[in-house]
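Listed below are the residues making up each chain.
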Amino acid sequence: MEQGELEERERNLLDKRKVFFIPPGLPEKPDSADYLEILNEITTIVKEYYKKNPDCFPYTIHDATHCMIVEEYLYQLIPDEKYANFRLKEKFLLIASVWLHDVGMIPSLFCNFEKDFSSANIEFDEKTRGLLSDERAPPDLDLKNNEDKDTIAYTRRVRKYHAKRSSLFIQTNKEILALNKIYRDLSLGDFFQDLKIIAQICELHPRKESIELEKMNNSNWIDNPVRIPLLVGYLRLADAIHVSDKGDWKDFLNFLSMGLDTETKFHWFKSNFTKYIEPFPERHTIVITTKIPSSTKINESKTEWTKNIKSLQKIVQYEILDELNSVKEILCKGGISYFSCIETNSEIDTDFFEDYLIDEYKLMLKNIDLLFDTSKTPSSSLIAGNIVK
């Protein structure tokens, strides 16, 4: 994303955030401006933290831009006229969670070797500072030495436990967030209790935590002052539909040279083949639009390309359907907006990618039904158990 476009989107986002907190035509609630001030502080802190701790994963991006886009999607999932259906505190906790939910993806999050490793549920060799042998990367990465294997294995584990790491970071690094003084000065209530709720929302945002979310949903949460399951539901769905444009081609090529495993390569492929995803709350529908590249090489076998892209499209559709199904009942119970259908279409994209990438994509697409067999089950999380976020 170009710097000019990024700055414009950030300005528009702040305007939209203000409308979310202070809907037009309704009286401004006390503390609205104070919560907006705190959110601006959180946004700035998180941006700086990502900047100082750049993401070193071969995965698609999880950074401040991702947080911005997830917040943009929230305002598409929720109709403007329904903004008032959220309590003021819920709005704050939801947007704060958007900006903090993926800090656990930062490998050196705690700036402490032992704490970073323990937070990723990893044992390590005290002498060599390397991972124990049973935690090393699988042989399919084919990297040159054990140090590289340790790095890749560690980052995989960080990804696996990133939600718990986010939660731990929020609860144990209050001084980094530096918000307790602001809370006290503004008399906004129990800062530590709110931080605990934000940590809980962040920990529950991946779909693999659906059992815990289901337990919460079975309780009578609808009349609670803070409807945590509802906030988790919107964060999970907004996070899930940020699929497109989550990485740079140059980064992808660099990681390819390292020897990407199938799971990681799939994340890049679905990101770069997905043009955009649009929620239509009035139709209770989410629409996925995938790209069909325009190229001389592709035109020679257009039928085969179309068939293979449809297979990829089907997997992305099932993935998002899985995410939706995990929160559908909660959103319906919340009565603000809900979604029941995932539709797909495709568009020719003349600026998709250079011809030298065609062969790499052709090989992946040709084998996609073998790698992720969509005929066996309507659940993509079962098709490829390791591509669950």
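None of these values were measured; they are calculated from a predicted model.

Draft legend 1. Fine view of the overall build of the protein chain. A count of helices and strands for the protein chain gives 19 helices and three strands. Of all 389 residues assigned to the protein chain, the portion counted as buried reaches 53%. When the accessible surface of the protein chain is split by element, carbon and sulfur atoms take 49% of a total near 17,900 Å².

Draft legend 2. How the structure looks around the packing of helix α4 (residues 88-100) against helix α10 (residues 191-204). Contact geometry for α4 and α10: axes closest at 9 Å, N-to-C directions at 55°. In terms of orientation, α4 lies oblique with respect to α10. As for how α4 packs across α10, the hand of that crossing is right-handed. In this structure, α4 uses K89, F92, L93, A96, S97 and L100 to contact α10, whose residues at the interface are D194, I197, I198, I201 and C202. For the contact of α4 with α10, the class distribution of residues is eight nonpolar, one polar and two charged.

Draft legend 3. Seen up close, the nonpolar core. Counting residues in each nonpolar core, the largest one holds 74 residues, and the members touching the most others are F21, I42, F92, W99, I198 and Y234. F266, I292, I309 and L312 belong to the second largest nonpolar core, which has seven residues in total.

Draft legend 4. The packing of α10 against helix α12 (residues 228-240), seen in detail. Put simply, α10 and α12 touch, their axes get as near as 9 Å, and they point 45° apart. As far as their axial angle goes, α12 and α10 are oblique. You can see that α10 and α12 cross each other, and the crossing is right-handed. Seen from α10, the contacting residues are I197, Q200, I201 and L204; seen from α12, they are I228, L231, V232, L235 and R236. Classifying every residue of the contact of α10 with α12 by side-chain character gives seven nonpolar, one polar and one charged.

Draft legend 5. Expanded view of the side chain of S271. Note on placement: S271 falls in helix α14 (residues 262-273). A residue is classified by how much of its surface remains accessible, and S271, at 1% relative accessible area, is buried. Engagement of the side chain of S271 in a polar contact is seen with the backbone oxygen of V243, the distance being 3.0 Å.

Draft legend 6. Examining the environment of N217 more closely. The residue N217 is located in helix α11 (residues 210-217) in this model. Judged by relative accessible area, N217 falls into the buried class, the value being 2%. Along the chain, N217 and V327 lie 110 residues apart, while their C-alpha atoms are 9.5 Å from each other. Only 2.9 Å separates the side chain of N217 from the side chain of W221, close enough to count as a polar contact.

Draft legend 7. Structural context of the pattern of salt bridges. Scanning all chains against the criterion turns up 15 salt bridges. Note that E71 and R17 form a salt bridge whose closest N and O atoms lie 2.9 Å from each other. Here E71 is found in helix α3 (residues 64-77), whereas its partner R17 is found in helix α1 (residues 3-21), with 54 residues between them in sequence. The burial state of E71 is the same as that of R17; both residues are buried. Among the ionic pairs, R283 bridges to E343, the shortest N-O distance being 3.8 Å. With R283 in the loop between β1 (274-280) and β2 (285-293) and E343 in strand β3 (residues 341-349), this residue pair connects regions lying 60 residues apart in the sequence. On the basis of relative accessibility, which here comes to 41%, the residue R283 falls in the partly exposed class. Among the ionic contacts, a cluster of salt bridges with common partners joins E5, R9 and E72.

Definitions and cut-offs
- Residues numbered from 1 in each chain as written.
- Predicted model: local features only at pLDDT ≥ 70, side-chain atom pairs only at ≥ 80, totals over all residues.
- Heavy atoms only, no water.
- Helix = DSSP H or I, 4+ residues; strand = E, 2+ residues; numbered from the N terminus.
- Buried < 20%, exposed > 50% of the residue type's maximum accessible area, 1.4 Å probe, protein only.
- Areas by Shrake-Rupley, 256 points an atom, 1.4 Å probe, with all protein chains shown as cover.
- Axes fitted to C-alpha atoms, helices over the stretch in contact; angles between N-to-C directions.
- Parallel < 35°, antiparallel > 145°, perpendicular 65-115°, else oblique.
- Left-handed = near helix turned anticlockwise from the far one by under 90°.
- Contact = heavy atoms within 4.5 Å.
- Nonpolar A, V, L, I, M, F, W, Y, C, P; charged D, E, K, R; others polar.
- Core = buried A, V, L, I, M, F, W, Y, C linked by side-chain atoms within 4.5 Å.
- Polar contact = N/O pair within 3.5 Å; in protein donor to acceptor, adjacent residues only side chain to side chain.
- Salt bridge = Lys/Arg side-chain N within 4 Å of Asp/Glu carboxyl O.

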